[in-house]
Each structure stands twice: as structure tokens, then as C-alpha cells.
Amino acid sequence: MEKSATGAVTESNDRREAAPASLRGEHVAPDRLVLARGIFTGPSAKISDELYAVVKGGAAVRERHSLRLPKGATAHTNTYFGRFAASYWQRWTTVTEVKASAVLEVAGKANIRLVASDIAGHRRIIATAVATASGQVSLAAPLDQFVDGGALWLEFDAIGGELAITELAWTAPAPETVRPVAIAICTFNRAEDCAHTVAALASDPTVLAAIDAVYVVDQGTDLVENRPLFQQVLPDFGDKLRYLRQPNLGGAGGFTRGLYEVSAANEHADVILMDDDILCEPETVLRLQAFANLTVEPTLVGAQMLFLLNPDYLNVGAEEVHLHELKHGQKVPKALRNTSMLKKNQERRVDAGYNAWWTCLIPAEVVKKIGLPVPIFFQWDDVEYGIRAREHGFVTVTLPNAAVWHADFYWKDYDDWARYFSTRNSLIVGALHTDLDGKAITREFFRYIAEHLVGMQYGLVHTTLQGIEDFMKGPKVLRDGGIDALAAARGTRNDYPETIKHPAATPPVNSADIQIRRASGEPSRVTLVLIKRAITQWTGRTQPGLIGVTREDAHWWHVGLFDHVVVTDASQSGVRVRRRDKARARALLLRAYRTLRKLRKELPALQAEYRAAVPELTSRENWARLYGIDPS
């Protein structure tokens, strides 16, 4: 039996009774539901205020939910967090008209405009108001001309005196019932980050009141409950917070624990899955919850991801998966990618294939109908669940203007132990949800492996082959939830020196011998160049000397020209040293040939085996076994 950080019992034979009272209770709907609020400054000084509102003509006084303009100034909310995503609300929800209202303190006169855009970003005024006295102002807009794109926002002019704007909200008639919602945060040895995420939820009383439970699933040894900040905000949650400890079962195991607990407590409750290491925008929780309460059919609602180190940049507007190519994280056509939200708005509606679990709401109906996630530990678990949900009739919407900040992906080196799970799990998900072409898949893997052998990334080739080989063991490889696989993926990489990151100032070579060589452009005849580089590496006709290569130049066609290379790690925190090793390359090439030949032969049978195992893998009984819980 486990206890929460407050001492409350969190494991018992009656899981419903162990859940927070608010999660089990009835929810009375208001007359109007708040869809989004006016926010004027971010949750951190790192975040530009212009992601929330833009002011011209004087210095404004900004607070989280209020904005004070000097005489003659203007402001607008045609910004990332300030806009109302009208296209998405018209396409996916029952809302036919939205009302924007605010309380104004007017010293002279104020003009207010409710403005819309279309798919091309053309501006049109929907409604206007003139305020000469303080009070509430409301403007309404029908959601009837936004199917393919467009948004709504407000504009303010302070004429003749100061203007203060507070209690700005976008509202619509509420549904008959408002569903309870819980947040599940999975963490592993990111205790300080997780404590800040929990504190962010507690920082907004309106958001905190809307949340019925928070489950913090701690799988690490550096415990969140030991952080002073976590202890400091615990009283703010009252009975709502549950702190659970369990073995490290990866993101799949941690997030599934939240789904497992909440669905046992209330089969009608939605669950928002949230990463531990994000910079959390609490308003996003309110927006996801409101959208989910008003969709025509139960819908997975995902937040977008902004980059943590480049906070105004959007990762991607919406993503999809190309299963036949085993590629996830693919940009939906016409979606924005790696784009500054200070310079461009997402006007076009783009429909997602799935949403990653940095922050994503899962409706209760989805869990009830399709079960729990597959225990694949890490990588592709969110993809698989989104695909399976769609196969059962549940779509995913990635909602603009609802986002969190997550670590920038391109600062993480591709040559990492996580490549094991990416490889293995891509095959598992592909096998479950499409008929993979064994010939095409093995040809692509061989090409991939050849490129990395030419680039002297022998450990990366080993990790990739390890993932393929474990996939071929069948569903039994998932029996322990990934604990042994993690240890093997990490441990065996130590045999490959080029996988080790060294301090840039003290690499295990003579720095004076390093000669920087820049890459030319990408070759036009890639296959021919790959063959030439392979011959060069095999015959040892590489250029002599110790060569330094920057991260931006670390392409296989450039690195393959040399025998001994110092390459900058993608994290920019160190370097890796690669050295030609013909014997190792030969052994890995032979291993790859045998592995891929076996994969091509056995793939049809493996697909059938994995598909047959899904009901058992995703069952509550299987997850209870992994958690060490008595499901009775």
C-alpha cells in the first residue's frame, strides 16, 4: 500500500474510494463555459509578452490577467495565446457563436473591435463598441465562416485617457454536464522540473478549481516529494493530489498509471497527460478542457509544443505518422514547423493524425472503448494510442493557442540509447496498424545502416540492430514493461567509444592536431556517393589526419571522407570522437544482413503475433501486474 505526500492512502482494494472526492463527485454546469481567458504576460520572464498581447504607443502595465494602457496607446490580442482559434471551434465543436467580454476601466474613451481573419490572414471587423464609462463590454461573433481557417481577436484603443482591461474571457453556452478532469504527470529523476510543473498548476486558482485530481507518478530515485517547492504547494491542492511511486516503466508506464487510476475512480473523467519537464502554461489546461467538453464527439485534444530554449518558436502545427515508412513526427501538409509565433500566425486549420503526450487530453470514452496503452516503455506509445483511437472512431485535434514549452528536439543527439526504443517500437506500431512491406522496410533499414557505418557510428548501428532483433522476439519482449530492455540498450553502448561524449576543451585527442573541415552541399546523386564513401572507408583511402566537424556539417557523406573525426554533439555541450574500424564495420554489416534477411522472412508472422497480443497487453490486468497491484 502506498501513501500520498500528504499521508493519504492511495492504494486500496477500492480504488474509487481512494481517489480525490472531487474526481468522484457530480459537476454542475454553469450557464456559460469559459473557453479561453485573456492572458497578458507569460508564466516566466523567459517568455515574450508579445505572445499574449501587443501594445503600441506607450508603456503598458501588464499583469497576468490585466492590462493597463496609457492615453493614446493601442493593443491587440492577435497573438499566439491571445487569439481564439475560430476555425477549430467551428469544425469540431457544437459552438455556433462565441462571446468576447471584458471589464474596462475607462478614463476617457475606448474603442473596442472584435476582428477576424480567414485562411489567408485577411483581416475583417466583426463587431465594434465604444466605451465612455467603466464597466463590462461584450461582443459576439458567429462561428460560420471559418471552416478552412481563421481566428478571432480583440483590439483596444485608449482615447483621451488610460484604459484598464481585466476579466477578458471568450465564452459560449455550456453543455448539459461538465466532465471531471484529472492531470497525470509522469516523471523520472527530473524532480525539480516536475515540482515546478505542479507549482504552475497551483499558481492559477481558476485552473486549480477546474482540475479534479492531479496524479504525480514518480518512477525515479531523485524524488519529487523531497523538493521544497513541491511540499510548499501541496496544501493548495487539498485532497486533489496523489503522489505515486513505482518502478521505472518509461513514459508508457507512467502515463498509463494515470489513466489506470482515473478510469477506476470515475469512468466519465477525462485525463490530461502532461510531461514533467515542460514549462507549463496553466491556461492551456482550461482551454483543452473546455474544447473537449464541447466537441461533437469524444475527441483527443492536444496542446502544441513551443521550444523551451527558443520560446517563441512553434515545433509543428500538427503531426501525422507514415506507418509504411516507420516515421512519426511528420508535419501535416501546410502546417507550420519551426516558426516564430511572433512573426507568423497559424491561420489554416490542419488536422492531426495524433498528438504527442507533452500535454494531451484523453477522453473517458477512449479509455473505455480501446483500453490502455501498449507497454512499450518509451517512444511511439503516444503514436500507437492515437492511431488505435482513430481506428475506433476517435479523432485527434491539436489545438492552436494552447501550448506548453518543451525541450527543443534538435538539441538532443540522434546517436543515443533512445534509438533502440524508437526502432523497436516503430516496428511494433507498424506491425499492429498496417501491413508492412518486408522488402521495402528491410531495404530502408539497410540504407540507414549503411549511412551510419560510413559515418563511423558503429554504436548507433548496434543500437538499431538491437531494436530490430528484440522486435523479432515477439510480444514476450514487452513482458516486463521495458526494464531489462532499457538496461541492455544503455549498457551495451559502452562498447562503442564514439557514443561517449567528452568535454570540448579536453577531448581524448591532441587538440593541436585537429583540423576543421567544412562540408560542401548535399550531393545530388546520393546513392552513388554512398557507394563511393563505403568503398573509401572499406579500402582505407580516407583523408589522413585528425579532422574536426561541426554539428551542422556532420553528414555521413562528409564524415565518411575521413579516418579520424571529432564531431560536435548536438547538445553543444561536448564532442564525440569517431574512428574508422574496418573489423567492427565488417561484423556489423554481416549482422545487419542476417538480421534483415530474418526480418523480411518472419515479418508476416510477427505482425499476426503482435496483433493477437494487444488485448492482453493493454488490459488492466496486465498493467496491474506490472504495477504490482492486486486488481481485485
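A quick note: this is a predicted structure, and the numbers were derived from the prediction, not measured. (Residues numbered from 1 in each chain as written. Predicted model: local features only at pLDDT ≥ 70, side-chain atom pairs only at ≥ 80, totals over all residues. Heavy atoms only, no water.)

Undergrad: Requested: an account of the packing of aromatic side chains, with residues and values cited.
TA: Given two aromatic rings, their pairing is described by the distance between the two centres and the angle made by the two planes. The final tally for this structure, using the stated rule, is 22 aromatic pairs. Note on F230 and Y243: the rings are 5.7 Å apart at their centroids and 50 degrees apart in plane angle, and the pair reads as tilted. Taken together, the positions of F230 in helix α6 (residues 228-237) and Y243 in strand β14 (residues 241-245) put the pair 13 residues apart, joining distant regions of the chain. Across the pair, Y243 and F230 agree in class, each one buried. (Phe/Tyr/Trp six-rings, centres within 6.5 Å; stacked < 30°, edge-to-face > 60°. Helix = DSSP H or I, 4+ residues; strand = E, 2+ residues; numbered from the N terminus. Buried < 20%, exposed > 50% of the residue type's maximum accessible area, 1.4 Å probe, protein only.)

Undergrad: So what about the environment of P475? Which residues, and what values?
TA: Of note, P475 is situated in the loop between α13 (458-471) and α14 (483-491). Its relative accessible area of 12% is what places P475 among the buried residues. Ignoring anything within four residues of it in the chain, the contact list for P475 reads E609, Y610 and A613. (Contact = heavy atoms within 4.5 Å.)

Undergrad: Break down the nonpolar core for me, with residues and values.
TA: One finds W89 and L152 to be the most contacted residues of the largest nonpolar core, which totals 97 residues. Of all hydrophobic cores here, the second largest spans 49 residues; its members include L326, I376, F562 and Y610. (Core = buried A, V, L, I, M, F, W, Y, C linked by side-chain atoms within 4.5 Å.)

Undergrad: Go over the sheet that holds strand β23 (residues 514-516), please, and point to the residues and values.
TA: Strand order in this open sheet of four strands is β23-β24-β25-β26, and the pairing throughout is mixed. Of all strands in the sheet, those bounded by a partner on one side alone are β23 and β26 (575-579). Geometrically, the sheet is characterised by an average inter-axis angle of 30 degrees between neighbouring strands, direction not taken into account. Examined bridge by bridge, strand β25 (residues 562-568) and β26 share five bridges and lie antiparallel to one another. Bridging across to β26, V566 finds its partner in V577. (Pairing = 2+ DSSP bridges. Axes fitted to C-alpha atoms, helices over the stretch in contact; angles between N-to-C directions.)

Undergrad: If you had to explain the packing of helix α12 (residues 438-454) against helix α17 (residues 582-617) to someone new, which residues and values would you point to?
TA: The description of two packed helices rests on the angle between their axes and on the distance between the axes. Here α12 crosses α17 at 165 degrees, and the two axes come no closer than 9 Å. What the angle tells us is that α12 and α17 run roughly antiparallel. Crossing of α12 over α17 shows right-handed handedness. Seen from α12, the contacting residues are G438, K439, I441, T442, F445, F446, I449 and L453; seen from α17, they are A585, L588, L589, A592, L596, L599, R600 and L603. Tallied by class, residues from the contact of α12 with α17 come to twelve nonpolar, two polar and two charged. (Parallel < 35°, antiparallel > 145°, perpendicular 65-115°, else oblique. Left-handed = near helix turned anticlockwise from the far one by under 90°. Nonpolar A, V, L, I, M, F, W, Y, C, P; charged D, E, K, R; others polar.)

Undergrad: Got a sec to walk through the sheet that holds strand β10 (residues 152-159)? Specific residues and values, please.
TA: Pairing within the open sheet is antiparallel, and its five strands lie in the order β2-β5-β10-β7-β8. Two strands lie at the open edges of the sheet, namely β2 (54-56) and β8 (123-131), each paired on one side alone. The average undirected angle you get between the axes of adjacent strands in this sheet is 15 degrees.

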